Amino acid sequence: MKKLFWWSAWSTFVEEFEDQLKTMGSVNEQTPKDLLCYPPQHWCRAYFDTVCKNFSCENNFTESFNKWILKARTKPIIKMLEDIRIKVMKRLKELEEEGKKWTEEYSSYAMKLFNNFRIIAKGCLVVANEDLGYEVAEGIDRHVVNLGRKKCICRTWDLTEIPCSYAIKALEHDRQELLNEMHWWYSKEAYMSVYLHKIQPVRRKVKDKVVAPSKRSKNNGKEKVVAAIVDEDEVEGDIESEDDETMVAPRVISEEKTYFK
């Protein structure tokens, strides 16, 4: 049942999605009804708009980022932001170095998807109308491809900007260069341009004076605020850091509330 659910979510056009629901219903009649309680516009590719080129139907980005900053999240806000800044700085450098090692013009993800589509295309048949329109058959299914508009009714080409298996079959029939239809977004040039601008290092003062409020005192019936100047070196409770930089917390002078007049 889990596989059937994912196949439903991965459906790129409505007819395929409905067929997957029927298959799921043949196993358990109630499952498709329960599944449709959640609007498919939020989790099925068949209902995604094609303005934003997004082929992902899961939401792991937030969870991954929260796990990535898990240690930093336990620290005070300023120190947390400092740790995240350092982590992002290092991460950008690592990703840039990874891009320099590419041996192909396009990303490994794009090429893997493209090569899988080429394998599927070998089992398809194509009929052209000599007007950039192609009817591509895969088994009993028929798909219409328009090379002029760069569209296929399966919507995979629209969702990814990578030619789908039916578009590849039409391009091969027309003897066009396949990789020319791969979008520039997946190229090494585009990848490297993302990491062109770096996060700059930030200077940190060795010593800062921290003004820590003390408890209030009374002088001739009037409230008086007493402030203490504390060196960072004397402050207790220093916080550990991965990058040898430490953020300090003011020493608690009194547990009583401090009021300023």
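Criteria and cut-off values
Residues numbered from 1 in each chain as written. Predicted model: local features only at pLDDT ≥ 70, side-chain atom pairs only at ≥ 80, totals over all residues. Heavy atoms only, no water. Phe/Tyr/Trp six-rings, centres within 6.5 Å; stacked < 30°, edge-to-face > 60°. Core = buried A, V, L, I, M, F, W, Y, C linked by side-chain atoms within 4.5 Å. Buried < 20%, exposed > 50% of the residue type's maximum accessible area, 1.4 Å probe, protein only. Helix = DSSP H or I, 4+ residues; strand = E, 2+ residues; numbered from the N terminus. Contact = heavy atoms within 4.5 Å. Expected span 1.5 Å × (residues − 1). Polar contact = N/O pair within 3.5 Å; in protein donor to acceptor, adjacent residues only side chain to side chain. Pairing = 2+ DSSP bridges. Patch = residues over 30% accessible without salt bridge, like charges linked within 9 Å, V, L, I, M, F, W, Y side chains within 5 Å. Areas by Shrake-Rupley, 256 points an atom, 1.4 Å probe, with all protein chains shown as cover. Salt bridge = Lys/Arg side-chain N within 4 Å of Asp/Glu carboxyl O.

I'd like a rundown of the packing of aromatic side chains, residues and numbers included.
Counted by the stated rule, this structure contains eight aromatic pairs. Among the aromatic residues, those joined into a ring-pair cluster are F5, W6, W10, F17, W43 and Y47.

Mind laying out the nonpolar core, listing which residues take part and the relevant values?
Counting residues in each nonpolar core, the largest one holds 39 residues, and the members touching the most others are F114, V145, L147, I162, Y166 and M182. Of all elements in the fold, only α1 (2-9), α2 (14-27), α6 (108-121), β2 (133-138), α7 (156-160) and α8 (165-173) reach the threshold of two or more residues within this core. The dominant element in this core, judged by the number of residues it contributes, is α6, at six residues. The residues contacting Y166, other than those within four sequence positions of it, are C124, V136, E138, H143, V145, C152 and C154. If you look at the next biggest cluster of nonpolar residues, it comprises five residues, including W102, Y191, M192 and Y195.

Can you lay out helix α5 (residues 77-100) for me, pointing to particular residues and giving the numbers?
The terminal C-alpha atoms of α5 lie 35 Å apart, and with 24 residues this matches the ideal 34 Å at 1.5 Å per residue to within 8%. For α5, every residue scored as buried is listed here: K79, M80, D83, I84, R85, I86, L95, E96 and G99. If you follow the buried residues of α5, they end up packed against α9 (188-194).

Now, about unusual backbone geometry: what can you tell me, with residues and values included?
Phi is positive for R155, close to 70°, though the residue is something other than glycine. Residue position: R155 is located in the loop between β4 (151-152) and α7. With phi around 65°, E161 is a residue other than glycine that occupies positive phi space. Within the secondary structure layout, E161 lies in the loop between α7 and α8.

Mind laying out the side chain of H143, listing which residues take part and the relevant values?
Relative to the elements of secondary structure, H143 occurs in strand β3 (residues 141-146). For H143, a relative accessible area of 3% corresponds to the buried category. A polar atom in the side chain of H143 sits 3.3 Å from the side chain of Y166. If near-sequence neighbours (up to four positions away) are discounted, H143 is found in contact with F13, Y134, E135, V136, C152, I153, C154 and Y166.

Provide a residue-level description of the sheet that holds β4, including the pertinent values.
Taken in spatial order, the four strands of this open sheet run β1-β2-β3-β4, and their pairing is antiparallel. At either margin of the open sheet sits one strand with a lone partner, and together these are β1 (125-128) and β4. Here four bridges tie β1 to β2, and the two strands are oriented antiparallel to one another. Its bridge partner being in β2, V126 is matched across the sheet by V136.

If you had to explain a nonpolar patch on the surface to someone new, which residues and values would you point to?
A cluster of nonpolar side chains, contributed by F61, F65 and W68, occupies part of the molecular surface with about 330 Å² of accessible area. The topology assignment puts F61 in helix α4 (residues 61-68). A relative accessible area of 67% places F61 in the exposed class.

Could you give an account of the pairing of β3, with specific residues and numbers?
Strand direction decides the pairing type here: β2 and β3, joined by six bridges, are antiparallel. The residue of β3 that forms the bridge with A137 is R142. The loop that links β2 with its antiparallel partner β3 comprises two residues; one of these, G139, has a positive phi angle of about 65°. The pairing of β3 with β4 spans two bridges and is antiparallel. Bridged to N146 within β4 is K151.

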